[in-house]
Amino acid sequence: MFQPLKNPSLNENGIPPFESLPLQEGDPPYSAWGLYGDKDELGTLNRLTDERVAATAREEIKTGVRISLNWPLDAHSKGSFFSRGEFHQEMFQKKPHVANDDTWTFNTQVSSQWDGLRHVAYQKEELFYSRVTMDELYAVDANGVKSTVNGIQAWQKKGIVGRGILVDYHTWRLGQGIDYDPFARSPIPVDDIKACLKAQGTEVRFGDILFTRTGYMVSHAQKSTSDLAALQKSEPHTLGGLQPSLPALRWLWHNFSAIAGDQPAFECWPPLPDHPDDVAAGRGLAYSIHEVALAGWGCPLGELFDLEALAAHCCKEGRWSFFVASEVCHVPGGVASPPNILAIF
Ligand code: UVW
């Protein structure tokens, strides 16, 4: 049962400040359920208004240069993290015609992907975005029709389109002499992300789509098959990424419509919570970014995006903002999707 919203005051961008989350008594910490109605499936994509997209196109599209951010679907053919099966393509001839068809079989998260709202719930509470339960995701009605609640189909209606900004953390941290290993649990403090943006001269605007280049692709290309296999077998996996923290969540909530990175989990993995004393004192975080972004805010979380060509172009142009057009696949009830994404300058 939904309680009436607490009627939070809205900030200059028309959203409740982070400090007023959750919006309803009894909802999980930091969730924003009900902000756009109790059946909302768009979450922070509601920030991508027609006006904002039109203004971004006018401001960001100058040269017409287009850069794909899609890693090949078979890029993890030597094995992947989180036990995701490999991509398979079967091509077959259509005799007597001189023609071919092909069939693709793949886990939607084995290469570049947007995680959708069926992917991760608040773990302790067992609730997905908009208070949806696991049973509701798997429900089948009397006519045999499967539930599509919180499915990826809701995002394909208008796509994920807006102003992108690249945080080229990999280049910045090399210049700073900061040690970082994409295949170790290397947490990136949000202050380093902000320092990198400042050094690039990149302004953050409300509704932006955030891309963080951590160097995963560079390091992945240098690893031998046996090294990768050993890393993928080790449990829990260890991966670098944004450090889950209250300041990180606050910054993400106040600025972005979607967030993405070049690595398998966006945040560092495992996303160990803060010290229990800090959690008890309200200074620490006991939730992962996956839980809060996906289940709490309905915020698309992108992983394994290929940001290499993008970073090279941004560096050449001295400009780390651009127009982004991404269209998820139209799969009713889908959990995740390849992003089918272009950056346009
Ligand atoms: C995790 O859930 C850790 O990563 P992904 O979003 O790729 O599943």
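Everything below is about the structure printed above this text.
One structure accompanies this document, and this report is about it. (Residues numbered from 1 in each chain as written. Predicted model: local features only at pLDDT ≥ 70, side-chain atom pairs only at ≥ 80, totals over all residues. Heavy atoms only, no water.)

1. Structural notes on the pairing of strand β11 (residues 321-326)
Here β11 lies mainly inside the structure; five of its six residues are buried. Here strand β5 (residues 160-168) runs beside β11; their pairing, made up of six bridges, is antiparallel. Across the sheet, Ile-165 pairs through a bridge with Ser-321, a residue of β11. Summarising the sheet, β11 and strand β13 (residues 341-344) pair through four bridges and their orientation is antiparallel. The residue of β13 that forms the bridge with Ser-326 is Ile-341. (Buried < 20%, exposed > 50% of the residue type's maximum accessible area, 1.4 Å probe, protein only. Helix = DSSP H or I, 4+ residues; strand = E, 2+ residues; numbered from the N terminus. Pairing = 2+ DSSP bridges.)

2. Examining the sheet that holds strand β12 (residues 336-337)
If you trace the nine strands from one edge of the open sheet to the other, you get β1-β13-β11-β5-β7-β9-β10-β4-β12, paired in mixed fashion. The two strands at the open ends of the sheet, each matched to only one other strand, are β1 (66-68) and β12. The sheet contacts of helix α4 (residues 169-176) involve β5 and β7 (208-213), and relative to β5 the element is tilted by about 15°. Contacting β4 (113-115), β9 (256-261) and β10 (301-303), helix α10 (residues 289-297) runs over the sheet at an angle of about 130° to β10. (Contact = heavy atoms within 4.5 Å. Axes fitted to C-alpha atoms, helices over the stretch in contact; angles between N-to-C directions.)

3. Examining the packing of aromatic side chains
Counted by the stated rule, this structure contains 18 aromatic pairs. Ring centres 6.5 Å apart and planes at 70° place the aromatic pair Trp-71 and Tyr-216 in the edge-to-face group. Taken together, the residues span a long stretch of sequence, with Trp-71 in the loop between β1 and β2 (88-93) and Tyr-216 in helix α6 (residues 216-222) at a distance of 145 residues. Trp-71 sits in the buried class, given a relative accessible area of 11%. Looking at Tyr-216, the relative accessible area reads 0%, which means it is buried. Look at Phe-183 and Tyr-216: their rings are 5.1 Å apart centre to centre, the planes differ by 35°, and that puts the pair in the tilted class. You can see Phe-183 sitting in the loop between α4 and β6 (187-188) and its partner Tyr-216 sitting in helix α6, a full 33 residues away along the chain. Accessibility expressed as a relative area gives 4% for Phe-183, which makes it buried. Ring-pair connections join several aromatic residues into one group, and the members of that group are Phe-18, Tyr-30, Trp-33, Tyr-122 and Tyr-287. (Phe/Tyr/Trp six-rings, centres within 6.5 Å; stacked < 30°, edge-to-face > 60°.)

4. Regarding the side chain of Gln-200
Position of Gln-200 relative to the elements: it lies in helix α5 (residues 190-200). Side chain to side chain, Gln-200 and Thr-202 meet in a polar contact 3.0 Å long. Look past the residues within four positions of Gln-200 in its chain and what remains in contact with it is Leu-166, Val-167, Asp-168 and Trp-320. (Polar contact = N/O pair within 3.5 Å; in protein donor to acceptor, adjacent residues only side chain to side chain.)

5. Let's talk about the site of the ligand
Near the ligand you find Phe-82, Arg-84, Gln-109, Gln-113, Asp-115, His-119, Pro-264, Trp-269, His-290 and Glu-303, and these make up its full shell. A distance of 3.0 Å separates an oxygen atom of the ligand from a polar backbone atom of Pro-264. At 2.8 Å, a side-chain N or O of Glu-303 approaches an oxygen atom of the ligand. In isolation the ligand offers 250 Å² of accessible surface; the protein chains occlude 93% of this area. Split by residue class, the shell around the ligand holds three nonpolar, four polar and three charged. (Near = heavy atom within 4 Å. Areas by Shrake-Rupley, 256 points an atom, 1.4 Å probe, with all protein chains shown as cover. Nonpolar A, V, L, I, M, F, W, Y, C, P; charged D, E, K, R; others polar.)

6. So, helix α8 (residues 246-255)
Burial runs high along α8: eight of the 10 residues are buried. Regarding α8, the residues found buried are Leu-246, Ala-248, Leu-249, Trp-251, Leu-252, Trp-253, His-254 and Asn-255. Those residues of α8 that are buried lie in contact with α5, β7, β8 (241-242), β9 and α10. Its side-chain oxygen 3.0 Å from the backbone nitrogen of Ala-248, Ser-245 forms the N-cap of α8.

7. Concerning the pattern of salt bridges
A complete count under the given rule lists 13 salt bridges for this structure. We note a salt bridge from Asp-101 to Lys-94, for which the minimum N-O separation is 3.3 Å. (Salt bridge = Lys/Arg side-chain N within 4 Å of Asp/Glu carboxyl O.)

8. Description of the environment of Gln-200
On the basis of relative accessibility, which here comes to 14%, the residue Gln-200 falls in the buried class. Residues Gln-200 and Arg-319, 119 residues apart in the sequence, show an inter-C-alpha distance of 7.8 Å.

9. Topic: the packing of α5 against α8
Across the interface, α5 lies against α8 with an axial gap of 9 Å and an inter-helix angle of 45°. Judged on the interaxial angle alone, α8 and α5 are oblique. Contacts between α5 and α8 involve Val-190, Ile-193, Lys-194 and Leu-197 from the former and Pro-247, Ala-248 and Trp-251 from the latter. When grouped by side-chain class, the residues that make up the contact of α5 with α8 number six nonpolar, no polar and one charged. (Parallel < 35°, antiparallel > 145°, perpendicular 65-115°, else oblique.)

10. Some thoughts on the nonpolar core
Trp-114, Phe-211, Ile-259, Trp-297 and Leu-310 are the most contacted members of the largest nonpolar core, which has 70 residues in total. Within the second largest apolar cluster, nine residues are counted, among which are Trp-71, Met-217, Leu-228 and Leu-304. (Core = buried A, V, L, I, M, F, W, Y, C linked by side-chain atoms within 4.5 Å.)

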